[in-house]
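Each chain, written out:
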Amino acid sequence: MNEENCAQSEVEREKLPPICHTSPTMDLGRGAKQPFPSLSTFISSLNQRRETGGRFSVGTNQCLPGGRHGRELPPICSDVRQKQRISIDTLPPEVKAPFPSEPVIPLRTKTIKEFQEDMERATTSGDWRDVRDFYLTTFDSFLEINAAFKREANAPFNTIEDSGVNSKFLNAVYDALLCTPQDIQKSVLKGIINSLLREWKGPRTKDDLRAYFILVQNPQYSSTSTYVIYAHLLRQIAGLSEADHHFLVHWFKKLSPRRFRQLVERFLHFISTRLLPAPPDELPPLTRCSWWIPAATKVLALFNAANSISTPPIMSFTDFYNITLDHIDIMEQYRTWQSHGNSNKFSFCQFPFILSTVVKKAIIQRDSEQQMISMARQSLVNKVSRRQRVDMNLLFLNIKVRRAQLLSDSLDELSRKRADLKKKLKVTFVGEAGLDMGGLTKEWFLLLVRQIFHIDYGMFTYLKDSRCHWFSSWKCDNYSEFQLVGTLMGLAVYNSIALDIHFPPYCYKKLLTPPIVPCDQNTPIGMATATLGDLQQVMPDLAHGLGELLCYEGNVEEDFYLTFQVFQEELGVVRSYNLKPGGDKIPVNKQNRKEYVQLYAGFLLNKSIYKQFAAFYRGFHSVCASDALMLLRPEEVEMLVCGSPELDMSTLQRAAQYEGYSKADLTVRCFWDVVLDFPLELQKKLLHFATGSDRVPVGGLADLNFKIAKIDVSTDWLPISHTCFNQICLPPYKSRKELKQKLTIAISNAEGFGLE
């Protein structure tokens, strides 16, 4: 199998052209050591190559210190490389020649112990000659890098599972590097420049990939003074073939978690620094190095891929967020992505893993607002064109409900007004004077969700073990109510309302399968791949039992006596279903038990509830149909629907604003003393009382714009709230006891009445 992989890799390499071309007058052979005494020589080399029309692999669009910059060329990406690709088979026979044989890596025998002894002697005596010679030689070329750090100099190591790098020695060398004198550190950087400038005769080898794998771990790139070199290294890595990237991804995932995290943080810092304005003497002008950020983001994508295929992930997916992007014009990036997709035109939306949930929420919100404006404008134009009287209510999705008939009225209103779903939502409770500026809408969602998910309603089953709701598998002739529930959830996202819904994460995975509704009505929807881990989220006890089946050492067929058949109770009747044709006659044994578990999980999470979930899926996407959904992970959809799971009142205290009070006033100090001592249940009631929802918005309580206002009335009054403005009004209570008593009464009786 390894020989086949090697042969396939060789075929892939033969399809690729040389990464760079240099002038024949410049003899920079791979094996020969070239003197590179200063950065000025590097600049001279660039100028000479530009004048002779040569090209080199560090990339175009050079940005160098001292104000000397190369000409602006488009960034190299996989599509451009494809267009420039030349196969040797297309050349005339007289110019065909075999690629030169791979150079033999010189043998280097220095061990970790010997290196550490050299460092100790140098630190004690101040004589750094041996250490200087080691670093100067090691980083002079890709060959020398492999000679120093490859476990066996001329062994192939052509598998994704083993990079062949002596990681302990590499870590020791890099850990010691920043403790050496400045001249040694500069010599390493010059050696890297030398390596990156060398002419490459033929396609990349695995030793070249190994050199990139080693160089990208260099800790010197944390300094902005090295960013020019770092950028060129990243550009070369980003420009490698997809097959080479595949190797690097698997090698990256073998890094220790600490070093993996350090590299990710270095990429993010590099991108943030380049995004922000920099002094002219620190970094080249942004217009001259526009390719820096795309190159770094593409390499960061390799680390994200490595993290995704690791079990468990090395880092949380949120650790890849770049918070600096929260403060740029993300809609320009979004429009670029919509217009150009994943083509050569770079946009951060091509790499959504780097965008925080706050940014993605902003994109969806702005996209929703544009759709709302478009729908309202169309309704207005239709009225005017027919010479009809314009009623401002036509600009909104107006829902009128009775509290006593909340569920039936709501579902009836949504059914009748499907054409208005993408308008701004406004809710009116019949017989109440509240004017909806946002607060009534939040309360409507809150009360409606409670009723829909009540066990007596029967649409969803509450699973105590997983503490979540799941779709009932009962069969019926009409699944329109599931569609209306999906519509309700879509409306909440569309109108930026967080819901108290407890679906397992797998539900949101299904909701994004696919993220855009297919045009073909026969295309399956919501059929996400189901694993034992997914089943664990919904039915942990059953998943545990199936896990034991997979690990059982005895006779599976005789001891378990199972067939490819499952039984389900539906409305008091037990029904049987075959997991595959003739499944009731196929016994489960050691050979097929894995298939049995996969089919079982797939049946419970997909097939048995297909019609219910398909209706739910269509309802959600009827409101939230947007390209922005393609940017989201299932966990992020859950956060948009349910809000942040963290209820931290100390964060709310720090972000609170005051009107008529200051934070030093007695009433305010008593208020926070009481609230911070409240149990979680009362804290949620306070949030509901003040905002109309007990859910924390995406971005946390700091984004809530919570305000405490003074109301000059008797202290016999209870606190009041304006939920549309996230505001609570407090009379000037004089004691903690009095404030706690009045506040508890108010927040415990906050439904209906005069709530706004």
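Conventions and cut-offs
Residues numbered from 1 in each chain as written. Predicted model: local features only at pLDDT ≥ 70, side-chain atom pairs only at ≥ 80, totals over all residues. Heavy atoms only, no water. Phe/Tyr/Trp six-rings, centres within 6.5 Å; stacked < 30°, edge-to-face > 60°. Helix = DSSP H or I, 4+ residues; strand = E, 2+ residues; numbered from the N terminus. Buried < 20%, exposed > 50% of the residue type's maximum accessible area, 1.4 Å probe, protein only. Lys NZ or Arg CZ within 6 Å of the ring centre and 35° of its normal. Disulfide = S-S within 2.5 Å. Salt bridge = Lys/Arg side-chain N within 4 Å of Asp/Glu carboxyl O. Arc of directions from axis to C-beta. Contact = heavy atoms within 4.5 Å. Pairing = 2+ DSSP bridges. Axes fitted to C-alpha atoms, helices over the stretch in contact; angles between N-to-C directions. Polar contact = N/O pair within 3.5 Å; in protein donor to acceptor, adjacent residues only side chain to side chain. Left-handed = near helix turned anticlockwise from the far one by under 90°. Nonpolar A, V, L, I, M, F, W, Y, C, P; charged D, E, K, R; others polar. Core = buried A, V, L, I, M, F, W, Y, C linked by side-chain atoms within 4.5 Å. Expected span 1.5 Å × (residues − 1). Right-handed = clockwise from strand over helix to strand, strands pointing away.

As named in an unreviewed UniProt entry, the protein is HECT-type E3 ubiquitin transferase, taken from Oncorhynchus mykiss.

**As for the packing of aromatic side chains**
The geometry of an aromatic ring pair is captured by the separation of the ring centres together with the interplanar angle, meaning the angle of the planes. Scanning the model with the defined rule gives 52 aromatic pairs in all. Geometrically, the ring pair formed by Phe 149 and Phe 169 is tilted, given 5.6 Å between the ring centres and 55° between the ring planes. Taken together, the residues Phe 149 in helix H6 (residues 142-149) and Phe 169 in helix H7 (residues 167-177) connect sequence positions 20 residues apart. The two residues Phe 149 and Phe 169 agree in class, both being buried. Across from the ring centre of Trp 292, 5.5 Å away, lies the NZ or CZ of Arg 274, which sits over that ring. The ring of Phe 429 has Arg 403 lying over it, and the distance from NZ or CZ to the ring centre is 4.0 Å.

**Notes on the state of the cysteines**
Defined simply, a disulfide is a covalent bond joining two cysteines at their sulfur atoms. If you walk through the whole model with that rule in mind, you get zero disulfides. The closest cysteine sulfur to the non-disulfide-bonded Cys 468 is located on Cys 507, 9.4 Å from its own sulfur.

**Focus: unusual backbone geometry**
Following Thr 311, the chain continues to Pro 312 via a peptide bond in cis, the omega torsion being -5°. The amide bond that connects Thr 513 to the next residue, Pro 514, takes the cis arrangement and shows omega of -10°. Within the secondary structure layout, Pro 514 lies in the loop between helix H19 (505-511) and helix H20 (532-538). For Phe 157, which is not glycine, the phi dihedral falls at a positive 45°. Along the polypeptide, Phe 157 turns up in the loop between H6 and H7. One non-glycine residue, Ser 496, lies in the positive phi region at around 60°. Among the structural elements, Ser 496 can be located in the loop between helix H18 (480-494) and H19. On the accessibility criterion, Ser 496 (31% relative accessible area) is partly exposed.

**A short note on the pattern of salt bridges**
Under the counting rule described, the total for this entry stands at 26 salt bridges. Arg 403 is the partner of Glu 432 in a salt bridge, and the nearest nitrogen-oxygen pair spans 2.3 Å. Here the residue Glu 432 occupies a position in the loop between strand E2 (424-429) and helix H17 (439-452), and Arg 403 occupies one in the loop between strand E1 (396-401) and helix H16 (406-416), the gap between them amounting to 29 residues. Taking relative accessible area as the criterion, Glu 432 reaches 22% and is therefore assigned partly exposed. Residues participating in the shared-partner salt-bridge network are Asp 412, Glu 413, Arg 416 and Lys 417.

**So, helix H5 (residues 129-138)**
Of the residues making up H5, those classed as buried are Val 131, Phe 134, Tyr 135 and Thr 138. In an axial view of H5, the angular spread of the buried residues amounts to 90°, which keeps them on one side of the axis. Buried residues in H5 make contact with helix H4 (112-125), H6, H7 and helix H8 (182-197).

**Observations concerning the side chain of Thr 226**
Position of Thr 226 relative to the elements: it lies in the loop between helix H9 (206-215) and helix H10 (227-238). Sequence-distant contacts of Thr 226, that is, excluding residues within four places in its chain, are made with Leu 189, Gln 220 and Tyr 221.

**Some details on the sheet that holds strand E10 (residues 727-730)**
The pairing of strands in a sheet comes from backbone hydrogen bonds and takes either a parallel or an antiparallel form. An order of E7-E8-E10-E9 is seen for the four strands of this open sheet, with the pairing classed as mixed. Each of the sheet's edge strands pairs with one partner strand only, and the pair in question is strand E7 (657-659) and strand E9 (720-722). Neighbour to neighbour, the strand axes of the sheet diverge by 25° on average, direction disregarded. Pairing between E9 and E10: three bridges, direction antiparallel. Within E10, the residue paired with His 722 across the bridge is Gln 727.

**Regarding the side chain of Glu 144**
Tracing the chain through its elements places Glu 144 in helix H6. Judged by its relative accessible area of 14%, Glu 144 is buried. There is a polar contact of 2.7 Å between the side chain of Glu 144 and the side chain of Arg 108. What Glu 144 contacts, discounting residues up to four positions off in sequence, is Pro 106, Arg 108, Thr 137 and Thr 138.

**Details of the packing of H18 against helix H24 (residues 610-624)**
Viewed as axis vectors pointing N to C, H18 and H24 meet at an angle of 35°, and their least axial separation amounts to 6 Å. Classified by chirality, the crossing of H24 by H18 is right-handed. Residues Phe 482, Gln 483, Val 485, Gly 486, Thr 487, Met 489, Gly 490, Leu 491, Val 493 and Tyr 494 of H18 lie in contact with H24, whose contacting residues are Gln 612, Ala 615, Phe 616, Gly 619, Phe 620, Ser 622, Val 623 and Cys 624. Residues that form the contact of H18 with H24 fall into these classes: 11 nonpolar, seven polar and no charged.

**Quick look at the packing of H8 against H10**
Put simply, H8 and H10 touch, their axes get as near as 11 Å, and they point 35° apart. The handedness of the crossing between H8 and H10 comes out as left-handed. From H8, Leu 189, Ile 192, Ile 193 and Leu 196 reach across to H10, where they touch Ile 229, His 232, Leu 233 and Gln 236. Residue composition of the contact of H8 with H10, grouped by class: six nonpolar, two polar and no charged.

**Brief notes about the nonpolar core**
Tyr 135 and Trp 444 are the most contacted members of the largest nonpolar core, which has 169 residues in total. Aside from chain neighbours lying at most four places away, what touches Tyr 135 is Phe 115, Val 173, Ala 176, Leu 177, Thr 180, Ile 184 and Val 188.

**Looking at helix H23 (residues 593-605)**
One full turn of an α-helix is made of 3.6 residues, so residues set three or four places apart face in the same direction. Over its 13 residues, H23 extends 18 Å from the first C-alpha to the last, a length consistent with the 18 Å expected when each residue adds 1.5 Å. Listed in full, the buried residues belonging to H23 are Arg 593, Tyr 596, Val 597, Tyr 600, Ala 601, Gly 602, Phe 603, Leu 604 and Leu 605.

**Quick look at the pairing of E1**
In the sheet, E1 pairs with E2 via six bridges, with the strands oriented parallel. Each bridged residue has a counterpart across the sheet, and for Asn 398 the counterpart in E2 is Lys 426. For the crossover that starts at E1, traverses H16 and ends in the parallel E2, the hand is right-handed.

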